[in-house]
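# Chain and residue survey
So you can see what is in the structure, the chains are spelled out below.
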Amino acid sequence: MFKKRMVWVVLFVFVLTAVLAGCGGKTETGKTNEPVKKAELLFATGGTAGTYYPLGGAIAKVWNDNVPTVNVTVQASGASVENIRLLDKKEADLALAMNNIADDAFKGTGSFTTPLNTFKAIGVVYPEVMQGFVSADSNIQSISDLRGKKVAVGPTGSGTAITTRAIVNAFGLDFVDRKDFEPQYLTFADAVDRFKDGQIDAAWNALAAPAAAIQDVSTAKNIRFLEVTGAELEKLMKEFPLVAPFEIPAGTYKGQDKPVKTVALQAVLYVRADMDDETVYQLTKTMYEKKADIAKGHDRGNSIDLATALAGVTTPVHPGAAKYFREKGIQVP
């Protein structure tokens, strides 16, 4: 009798298991046993010696740790201009870019011959500080003294190169066709190496402040920063309206005993316009609410601020990001 009962019990368990499996294999919590299918997203950043690449890696890690539906891979790139084009060609899903470059792309001006509407903004990540420096013992005392010099201006077509040209134009110089000085279209890593070796006289880049690469330079060699002030600053802001005055605090770099007056733009996170709203909502929410975790991977994570998330953003905001901002009481244009 006992054996018969055992047979019926085993048979009942087998049938019950089969029924549950036929109902989708749900557990007691109602969740399926099947693993969540993740969207593979490519995140275009910048050169490895700049801010975009390591910061992008820190952001991607936090997304991957907290958004179960995505797997984000970081890609080094030529930064702003290239990144917007990568989004347009669907060769990247997310990208960091300077807000003025995105504005040009949306309007079809500057480096872009036709307007692009294939990308949308998520929000501001940190201020992009234009930092130009020379050797401390150089006879270059101001930007106008760059005439006839060899100057690293950023990679060809980059946001750095475009903004550097605008800055020197305000000081009466132009480097197109090597008119007033010899531009060196270099990644910042290459610019740093050539500056250390004395192969160039000055270097410009759009970076967070402090920037690790400039800290490295200032440790190996005494440097002095070039300032953007006075009537030239006013002219620049009139002709290049998205720039804003910015002051690098004294002591940010070795040997820098006084503040440096320069200008800044905004590093903004952009996304393909066709990415689904829920994914963008989760990416936005995680980036702004997990900034402390991002900062563990890169100090610029501390600059991510919900209060300034849309400051300087002139292009359309993705509906998924807009949903999050409205939940937080932020007005979306």
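Computed from a predicted model, the values in this text were never measured in an experiment. (Residues numbered from 1 in each chain as written. Predicted model: local features only at pLDDT ≥ 70, side-chain atom pairs only at ≥ 80, totals over all residues. Heavy atoms only, no water.)

## Let's talk about the pattern of salt bridges
Counted by the stated rule, this structure contains 14 salt bridges. In this structure, Lys90 and Asp274 form a salt bridge, with 3.6 Å as the shortest nitrogen-oxygen distance. On the criterion of sequence distance, the pair formed by Lys90 in the loop between α3 (80-88) and β3 (94-98) and Asp274 in the loop between β10 (260-272) and α9 (277-289) is long-range, its members being 184 residues apart. Classification of Lys90 by relative accessible area gives exposed; the value is 54%. Between Asp180 and Arg147 there is a salt bridge, and its shortest N-O distance comes to 2.8 Å. One end of the pair, Asp180, is in the loop between α5 (159-170) and β6 (182-184); the other, Arg147, is in the loop between β4 (119-135) and β5 (150-152), with 33 residues separating them in the sequence. Its relative accessible area of 13% is what places Asp180 among the buried residues. Taken together, the shared-partner salt bridges connect Lys90, Asp93, Arg272 and Asp274 into one network. (Salt bridge = Lys/Arg side-chain N within 4 Å of Asp/Glu carboxyl O. Helix = DSSP H or I, 4+ residues; strand = E, 2+ residues; numbered from the N terminus. Buried < 20%, exposed > 50% of the residue type's maximum accessible area, 1.4 Å probe, protein only.)

## Here's the deal with the packing of aromatic side chains
All told, the structure shown has twelve aromatic pairs when counted by the stated rule. Geometrically, the ring pair formed by Phe133 and Phe188 is edge-to-face, given 6.4 Å between the ring centres and 80° between the ring planes. With Phe133 in strand β4 and Phe188 in helix α6 (residues 188-196), this pair connects stretches of sequence that are 55 residues apart. Judged by centre distance (6.0 Å) and plane angle (55°), the rings of Tyr324 and Phe325 are tilted. Tyr324 gets classed as buried once you look at its relative accessible area, which sits at 1%. Among the aromatic side chains, those forming a connected cluster through ring pairs are Phe133, Phe188, Phe195, Phe225 and Tyr253. Sitting over the ring of Tyr281, Lys323 keeps its end group 4.8 Å from the ring centre. (Phe/Tyr/Trp six-rings, centres within 6.5 Å; stacked < 30°, edge-to-face > 60°. Lys NZ or Arg CZ within 6 Å of the ring centre and 35° of its normal.)

## A word on the pairing of strand β7 (residues 202-207)
Within β7, six of the six residues are buried, which leaves it mostly tucked inside the rest of the structure. Residues Ala202, Trp204 and Ala206 line one face of β7 and the alternating positions Ala203, Asn205 and Leu207 line the opposite face, and both faces are buried. Across six bridges, the pairing between β4 and β7 is antiparallel. Opposite Val134, over in β7, you have Ala202 as the bridge partner. Relative to β7, β5 runs parallel, the two being bridged by two bridges. Bridged to Ala152 within β7 is Ala203. (Pairing = 2+ DSSP bridges.)

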